[in-house]
Amino acid sequence: NTKRTYEQHENELLDAGIRKNQLARKALAFEDDIFEVIIPTTNAELVAEGEKQHNCVGGYGQRVAEGNRYVVFIRRKSDPTKAYITCDIYTDGTINQYLAPYNRRPEDADAIAFKALFQNHLLENWGE
C-alpha cells in the first residue's frame, strides 16, 4: 500500500513537471490547414504515443519533465486522435526527430512541408 502511494505521488510529480515545461513553451502551439500540433501533458500520453507509433517516446517523460526535451504529436486535423508523427524538440527549439510509425521519416509531401513550417515557427517564437 505504501509503495503504491509512493508510485502514485511520483507519477503526479512527473506529470506536473511535464505539464509545466510543455505548456510554458508557447511556441509549441502551431497548426496549418492540414495538421495540428498536440502538446502532451502527462507521461501516460507519451507512453500511449510510443505504443501507437512503435517508438521510444514513452521513455521520454523524465526528460520532458526536467525541461531537457519537448515532445509534441503532429496530427491530421481530419483525424486528430490517430497517431501520425512524433516530434522531439531540443531545448533551443530545433527539431531533433520528426518521425512516422516505426521511426520512419514521413514520405507525405504535406507532412514534410509542415515540418519546415513548424521549424520556422519554433525558431521565430522560441524565446517568447
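Residues numbered from 1 in each chain as written. Predicted model: local features only at pLDDT ≥ 70, side-chain atom pairs only at ≥ 80, totals over all residues. Heavy atoms only, no water.

Enquirer: Which parts of the structure should I look at to understand the pattern of salt bridges?
Expert: Applying the stated criterion across every chain, the model contains 4 salt bridges. For the salt bridge of Glu49 with Arg75, the shortest nitrogen-to-oxygen distance reads 2.6 Å. Here the residue Glu49 occupies a position in helix H2 (residues 43-53), and Arg75 occupies one in strand S2 (residues 70-76), the gap between them amounting to 26 residues. Here Glu49 matches Arg75 in class, with each residue buried. Its salt-bridge partner being Arg76, residue Asp108 comes within 2.4 Å of it at the nearest N-O pair. In this pair, Asp108 sits in the loop between strand S4 (95-99) and helix H4 (109-125) while Arg76 sits in strand S2, placing the two residues 32 residues apart along the sequence. (Salt bridge = Lys/Arg side-chain N within 4 Å of Asp/Glu carboxyl O. Helix = DSSP H or I, 4+ residues; strand = E, 2+ residues; numbered from the N terminus. Buried < 20%, exposed > 50% of the residue type's maximum accessible area, 1.4 Å probe, protein only.)

Enquirer: Even after reading the chapter, I still don't get the state of the cysteines, so can you show me in this structure?
Expert: Note on terminology: disulfide describes a covalent bond linking the sulfur atoms of two cysteines. Applying the stated criterion to the full structure yields 0 disulfides. Of the cysteine sulfurs around Cys56, a residue in no disulfide, the closest is that of Cys87, at 14 Å. Residue class for Cys87 comes out buried when judged on its relative accessible area of 0%. (Disulfide = S-S within 2.5 Å.)

Distances and angles like these do not, on their own, reveal function.
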